[in-house]
Amino acid sequence: MILENIDAIIKYQDANIKREKIMEEYYNDETIKKTTEIQKERKELESIMSQCKALITASNENANPLDEQTLNDLKEDIYSLEEVDLNKCEDLDLVEHNIKEIEKLEAQIKDYLTMINSANEEKKRNYKRFDEAKKRYVELDRLYQGEDGLKNKALAKKKETGSRLDEAQKEISEAGQALSPEMKTLYDEIKEKNISANPTKKRSILAKVFVPVLDGYCFCNMTLEQSELSKLNTEGYVKCSKCGRIVYKK
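Residues numbered from 1 in each chain as written. Predicted model: local features only at pLDDT ≥ 70, side-chain atom pairs only at ≥ 80, totals over all residues. Heavy atoms only, no water.

> Sorry, what's going on with the environment of T31 here?
Along the chain, T31 turns up in helix α2 (residues 30–62). A C-alpha to C-alpha distance of 8.3 Å links T31 and K157, two positions 126 residues apart in sequence. Here T31 is in contact with L150, K153 and A154, once residues within four sequence places are set aside. (Helix = DSSP H or I, 4+ residues; strand = E, 2+ residues; numbered from the N terminus. Contact = heavy atoms within 4.5 Å.)

> Can you walk me through the nonpolar core in this structure?
Soluble globular proteins: nonpolar side chains tend toward being buried together. The biggest cluster of nonpolar side chains holds 17 residues, and the ones touching the most others in it are I9, Y12, L179, M183, Y187, V209 and F210. Listing elements by their share of this core, those giving two or more residues are α1 (6–28), α5 (150–176), α6 (181–197) and β3 (246–248). Examining the composition of this core, we find that 6 residues originate from one element, α1, more than from any other. (Core = buried A, V, L, I, M, F, W, Y, C linked by side-chain atoms within 4.5 Å. Buried < 20%, exposed > 50% of the residue type's maximum accessible area, 1.4 Å probe, protein only.)

> In this structure, what is going on with the packing of aromatic side chains? I would like to understand it.
Given two aromatic rings, one states the distance between the centres and the angle between the planes to describe the pair. Taken as a whole and assessed by the stated rule, the structure comprises 3 aromatic pairs. Each ring, one from Y187 and one from F210, has its centre 6.5 Å from the other, and the planes form 10 degrees; the classification is stacked. On the criterion of sequence distance, the pair formed by Y187 in helix α6 and F210 in strand β1 (residues 210–212) is long-range, its members being 23 residues apart. Each member of the pair Y187 and F210 is classed as buried. Ring pairs connect the aromatic residues Y12, Y187 and F210, which therefore count as one cluster. Against the face of F219 rests K208, its NZ or CZ located 5.8 Å from the ring centre. (Phe/Tyr/Trp six-rings, centres within 6.5 Å; stacked < 30°, edge-to-face > 60°. Lys NZ or Arg CZ within 6 Å of the ring centre and 35° of its normal.)

In structure tokens form, the structure reads like this:
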């Protein structure tokens, strides 16, 4: 069955390879690569600005009112304790208690001031980080959206590629009409399996599923085993045990 339809299979395969090459050309285009990089960086900057806004808002909501009131309360407590003239006080326990309380309150004030200063510094860092991200975002937007920017070039490339893909898909559909559903499924399954297993390789190469034997080698450069060569000689085709391609004799 395979050898009887090999010409139709190869035509269907060539149409698939053509489509994959069009996509590879599109993604390797400098305008598209640059546009993709810009869009990726813009998303990262949007995330940074959103994080900074949230941190600044949280800082504004949680820091100043409570901290200022707490500091004022602590200061009032110190003033109340200091009103006692310790030099004239005969109650030594009270003197010692007040001194310890004042030291404790002063330490708390110091801790609160440290906390407030730290929060303010963090807020400044977030403002600065936000401003830097916004400035870079505006630069990228100008580069992408400007009159001589990438947006129009990218849209033109996308439109052109879309037309070419439509033509290639039409060829695939027409070529597929000469194949049985089982044969189309066989090709598509092997192709998708190879693409999934080799995400870094060119899809146009992985779309080459039906391949002629070359001096005992498969297209994947693996030497066919003796049992595979025997089946190839007997039936005219064999499935490569390494890559799953269908190897056939011309």
